[in-house]
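Okay, here's what each chain looks like letter by letter:
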Amino acid sequence: MSEAGYNAWRLTSLSPWPRPVLVLLALAAVGAVLLAWRALRSEPRRGRRAALLALRTASALLALFLLVEPAVRLLQTARLKNRLAVLVDASRSMNFPVEPGGTSRSNAAAAFLRRHRGELEALGDRVSLEWHTFERDLAPVDPSALAQGVPARGGRTDVLGALKAAAAGGGAGRKLAGALVISDGADNAALAEGLAAVGRAELRALGIPVTTVSVGTGAPKDLAVERVAVDDFAFVRNTVTVEVGLAARGFGNEEVPIVLRREGAVVARATVRLEPGKERYAVPLPFAPDTTGTFVFTVAAPVYPGEAVVENNARSFVLRVIRDRVRVLLVAGRPSWDERFLRALLKQDPNIDLVSFFILRTSTDLAGPQEELSLIPFPVSEIFGEQLRTFDAVFFVNFAYQPYRSLDIERYLPALRDYVKNGGALAMLGGEQSFGEARYGQTALSEVLPVEALDGLGIASEVSRPRLTSEGRRHPVTSLTAGEGANEAAWSALPPLPDVNRTRALTASAARVLLESPTVLIEGRPAPVVAVREVGSGRTLAVTTDSSWFWGFVAAEEGGSNRAYQRFWNNALRWLVRDPALTPVQVEPDRPAVEPGEPVGLSVSVRAPDYGPGAGAPVTAELASESGHVVARGEAAAGPDGVAHLDLATPGPGAYKVVATGRPRCGAGPCPPDAPVERATGAVAVRASGPEDADAAPRPELLRAIAEATGGASSSTDRGLPEVRLNDPEVVEVGRRKDVPIWDRGWFLAGLVLSLAGEWMLRRRWGYW
């Protein structure tokens with residue numbers, strides 16, 4: 001069938017008829033045979049039936065054969081040489097010994113290639129060999145360098161990623177025929193948890209057999225904190241459990257102490273008894289965080305002599321501690337509509353834990369026993385003593401301290417002042433027993449209040465419609481709706497207030513008046529209605545009226561809604577307790593934990609005093625170790641959006657506190673020397689060991705599973721090179737073709753004529769026609 005220059009052939013059709021017509025003709029031929037069979041069913045003689053059906057079938061086949069016009073197509077073809085990728089692991093885990101006390105896995109892989117390089121190159125007549133190292137990425141390499149040994153420095157092992165990159169990297173349309181993977185199998189990427197259904201499907205989708213050679217037979221002595229499982233956040237004063245995964249290899253019956261530290265201080269500890277033959281242990285470490293914020297915690301185990309890796313004995317993580325519920329103390333001088341509406345608002349919020357007391361005395365009442373001064377005995381020493389720090393905010397509503405000499409409340413006001421300076425929050429609401437009427441200007445609270453209490457001036461009983469100040473237009477406390485114009489309109493639509501306490505605005509830069517009364521003047525200036533102040537680490541709020549409930553009840557009665565009232569007090573409480581979304585300076589690490597050698601990326605956002613973007617504000621960020629020593633520092637200027645990005649130099653492994661400072665009052669111009677500095681803190685962990693150092697054990701079972709899933713073979717460096725299985729090469733037509741007809745022989749036509757004539761003659765002779 002072949003001629004000179006041709007090496008392949010196949011059958012083809014030379015018929016001018018289109019394929020649908022040929023299909024119809026074939027159906028017609030089948031129909032002709034079926035009709036003959038049906039007509040002969042009554043013929044009792046089997047021989048006659050068989051002869052006539054045979055002649056009809058032969059005629060149909062010969063006619064169809066001549067219509068199709070079959071031919072032999074002679075071809076010149078070539079087998080396309082596909083690729084074989086040899087992938088050698090160059091991650092850091094290849095620096096571990098093959099077995100305790102033995103050579104490194106990297107040296108064992110190099111020795112294996114020196115022994116079997118000739119066998120691999122012998123496959124060159126079937127495939128083109130490509131040599132690569134892989135870890136996080138795939139890199140081409142000279143085979144001679146592989147045989148001598150390449151440095152194992154990669155920070156991650158990604159076997160599946162390397163196979164995908166090899167399959168996609170063919171040039172000139174050449175496909176991958178197979179792959180040979182030489183590795184310890186310590187994958188810490190897509191196959192870190194083993195070959196699950198998804199990974200198995202992705203491997204099979206490559207469509208190639210993968211041959212694997214495992215390096216390493218045993219794990220060296222090592223104690224490692226393999227994993228730490230904990231939620232991204234925890235609630236303050238609520239127990240949270242850190243689940244620690246501990247791996248121990250090469251140990252006997254020993255007790256290992258495990259500690260959990262928060263920025264150097266031990267918050268939990270446990271002891272694990274190791275057992276021979278058991279490698280993995282689950283260690284729960286419960287503790288109750290006592291303060292809110294973002295902290296770096298470190299789980300650490302001791303370092304024992306002879307360990308292969310000492311860096312993996314500790315693992316750090318970042319945990320954000322938030323409030324489960326905001327704890328509020330409300331002390332009222334007497335029941336009032338303002339107190340009633342505020343208490344109802346706070347009680348209906350499931351995120352607020354409210355403790356409230358009502359004092360039933362006024363400054364004109366005679367002193368009496370303590371049990372008559374409140375609905376329940378007022379535990380002043382407990383509330384303003386050891387329990388004060390458990391509250392996130394304290395509200396004084398129309399409350400005066402003078403009538404309670406037997407309680408000696410005045411003695412605790414310095415403690416309340418210090419509570420504010422150390423991060424607490426105080427809100428004072430007006431009324432006939434508040435501010436100047438209560439003579440707070442003569443107490444320690446005058447050091448933290450955002451207004452000056454003018455003793456003896458009393459309450460201005462004048463109808464007043466408060467207006468926003470320039471700072472109040474964009475402050476979060478007085479933000480009833482988005483947009484300055486819409487917000488100002490919302491305040492203007494609220495009902496006026498019937499009375500305002502006479503107070504004076506402070507000149508301190510940390511105190512700001514947000515709402516003022518244009519009709520109540522103090523020394524020719526509008527009296528404050530809402531003012532705020534930042535003192536030390538705490539915040540205070542003054543609302544110089546006991547009629548804020550008008551913004552809810554009266555507004556709703558006049559056809560509006562109580563939304564403004566609810567929004568104002570929700571904003572006020574969020575601002576008082578320093579809701580992170582409302583702080584002028586915020587810092588967020590790009591990642592809560594970074595690998596060894598990577599820089600620490602930070603994003604610092606700055607808001608101006610009016611809470612707009614602090615464009616151009618100078619920003620400083622520092623990393624402080626657990627001992628408080630600053631190990632890295634950077635400076636930048638906020639962009640138009642008020643955000644500055646910094647990359648700090650990589651410190652050593654450990655837990656670091658991030659301290660960011662900004663001057664929101666400073667723009668692109670010179671910064672005034674008295675410009676306040678806003679501060680934000682965060683945390684970041686620099687791991688002592690990366691994924692490659694966390695576990696020193698080889699995983700030959702993963703490599704065997706990969707080979708089995710793809711139809712390849714598996715072996716190890718000490719057993720030798722297995723059969724390298726390859727896909728069959730693709731055959732392509734590369735030259736001439738020639739069609740040789742086989743239908744135009746005369747005897748095919750003669751056969752058709754004879755079969756038709758024979759059937760005609762037999763039918764006439766046997767009486768069918």
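Chemist: Would you mind going over empty space enclosed by the protein in detail, with residue names and values included?
Modeler: Inspection of the entire model under this criterion finds three cavities of 30 Å³ or more. Here the second largest cavity is characterised by a volume of approximately 50 Å³. In this structure, the second largest cavity is lined by V88, D89, M94, S106, A109, A110, L113, L146, G149 and V150. If you list the elements that add at least two residues to the lining of the second largest cavity, you get β3 (82-89) and α3 (105-121). Top element by residues in the lining of the second largest cavity is α3. It accounts for four residues.

Chemist: Before we move on, can you summarise the pattern of salt bridges with the specific residues and values?
Modeler: In this structure the tally under the stated criterion is 31 salt bridges. Linking E226 and R249 is a salt bridge whose minimum nitrogen-to-oxygen distance equals 4.0 Å. In this pair, E226 is assigned in strand β8 (residues 222-229) and R249 in strand β10 (residues 240-249), connecting sequence segments 23 residues apart. In this structure R249 comes out as buried when scored by relative accessible area, which is 6%. Connected via shared salt-bridge partners are E226, R249, E279 and R280.

Chemist: Pulling in residues and values, what's your account of the sheet that holds strand β14 (residues 293-300)?
Modeler: What the five strands build is an open sheet, ordered β9-β15-β14-β11-β12; its pairing is mixed. A strand with exactly one partner marks an edge of an open sheet, and here the two such strands are β9 (233-235) and β12 (265-273). Across the sheet, the axes of successive neighbouring strands diverge by a mean angle of 30°, strand direction being ignored. In this sheet, strand β15 (residues 314-322) lies alongside β9 in parallel orientation, the contact comprising three bridges. Paired with F233 across the two strands is R320, which belongs to β15.

Chemist: Kindly report on the pairing of strand β31 (residues 618-624), identifying the contributing residues and their values.
Modeler: Most of β31 sits out of view: five of its seven residues are buried. In this antiparallel pair of consecutive strands, β31 and strand β32 (residues 630-637), the connection spans five residues, and G628 shows a positive phi of 95°. Two strands pair when backbone bridges link them, and β31 and strand β34 (residues 654-662) are joined in this way by six bridges, in the antiparallel orientation. Each bridged residue has a counterpart across the sheet, and for E622 the counterpart in β34 is V659.

Chemist: Mind laying out the nonpolar core, listing which residues take part and the relevant values?
Modeler: Counting 49 residues, the largest nonpolar core has L342, F395, L541, F568, W569 and L573 as the members making the most contacts within it. Contacts of F395, omitting those with residues within four sequence positions, involve V328, L329, L330, V331, L342, A427, L429, W569, L573 and L576. Counting 30 residues, the second-largest nonpolar core is a separate cluster that includes V331, Y440, V448 and V535.

Chemist: Tell me about unusual backbone geometry, residues and numbers included.
Modeler: Despite not being glycine, E69 shows a phi value in the positive range, around 55°. With respect to the element layout, E69 can be found in the loop between α2 (46-68) and β2 (70-80). The backbone phi angle of E523 is positive, close to 55°, even though this residue is not glycine. Inspection of the secondary structure puts E523 in the loop between β25 (511-522) and β26 (525-535).

Chemist: Outline the packing of aromatic side chains, listing residues and values.
Modeler: The geometry of an aromatic ring pair comes down to the distance between the two centres and the angle between the two planes. Taken as a whole, this structure holds 18 aromatic pairs when the rule is applied. Seen in terms of ring centroids, F341 and W549 are 5.6 Å apart; in terms of plane orientation they differ by 20°. Their pairing is stacked. Of the two residues, F341 is situated in helix α7 (residues 337-348) and W549 in the loop between β27 (538-543) and α11 (553-557); the sequence distance between them amounts to 208 residues. Under the relative-accessibility criterion, F341 is labelled partly exposed at 23%.

Chemist: How would you explain a nonpolar patch on the surface if you had to name every residue and give the values?
Modeler: A cluster of nonpolar side chains, namely V23, L24 and L27, defines an oily patch on the protein surface of about 300 Å² accessible area. Turning to its location among the elements, L27 is positioned in helix α1 (residues 19-39).

Chemist: Please give an account of the packing of α1 against α2 that cites residues and values.
Modeler: Interaxial distance between α1 and α2 falls to 9 Å at its minimum, and their mutual angle equals 170°. Taken together, α1 and α2 sit at an angle that is classed as roughly antiparallel. Between α1 and α2, the contacting residues are L22, L25, A26, A29, A32, V33, A36 and W37 on the first element and L53, R56, T57, A60, L64, L67 and V68 on the second. Among the residues making up the contact of α1 with α2, the classes are represented as 13 nonpolar, one polar and one charged.

Chemist: Give me the layout of surface pockets: which residues, what numbers.
Modeler: Put simply, the second largest pocket is a space of about 700 Å³. Lining of the second largest pocket is provided by 26 residues; of these, N188, A192, E193, E226 and D695 occupy positions nearest its centre. Among the secondary structure elements, those contributing two or more residues to the lining of the second largest pocket are β8 and α13 (691-694).

Chemist: Describe the side chain of S91, with residues and values.
Modeler: For S91, the position within the fold is in the loop between β3 and α3. When its relative accessible area of 0% is taken as the criterion, S91 is described as buried. A distance of 2.8 Å separates polar atoms of two side chains, one belonging to S91 and the other to D89. At a separation of 2.8 Å, a polar atom in the side chain of S91 contacts the side chain of T157. Dropping the residues within four chain positions of it, S91 is found in contact with F134, E135, A152, R153, G154, R156, T157 and E692.

Cut-offs and rules
- Residues numbered from 1 in each chain as written.
- Predicted model: local features only at pLDDT ≥ 70, side-chain atom pairs only at ≥ 80, totals over all residues.
- Heavy atoms only, no water.
- 1 Å grid on protein atoms, 1.4 Å probe; cavity = no way out; pocket = protein on both sides within 12 Å on 5 of 7 lines; lining within 4 Å.
- Points joined across faces, edges and corners; volume = space filled by probe spheres on them.
- Helix = DSSP H or I, 4+ residues; strand = E, 2+ residues; numbered from the N terminus.
- Salt bridge = Lys/Arg side-chain N within 4 Å of Asp/Glu carboxyl O.
- Buried < 20%, exposed > 50% of the residue type's maximum accessible area, 1.4 Å probe, protein only.
- Pairing = 2+ DSSP bridges.
- Axes fitted to C-alpha atoms, helices over the stretch in contact; angles between N-to-C directions.
- Core = buried A, V, L, I, M, F, W, Y, C linked by side-chain atoms within 4.5 Å.
- Contact = heavy atoms within 4.5 Å.
- Phe/Tyr/Trp six-rings, centres within 6.5 Å; stacked < 30°, edge-to-face > 60°.
- Patch = residues over 30% accessible without salt bridge, like charges linked within 9 Å, V, L, I, M, F, W, Y side chains within 5 Å.
- Areas by Shrake-Rupley, 256 points an atom, 1.4 Å probe, with all protein chains shown as cover.
- Parallel < 35°, antiparallel > 145°, perpendicular 65-115°, else oblique.
- Nonpolar A, V, L, I, M, F, W, Y, C, P; charged D, E, K, R; others polar.
- Polar contact = N/O pair within 3.5 Å; in protein donor to acceptor, adjacent residues only side chain to side chain.

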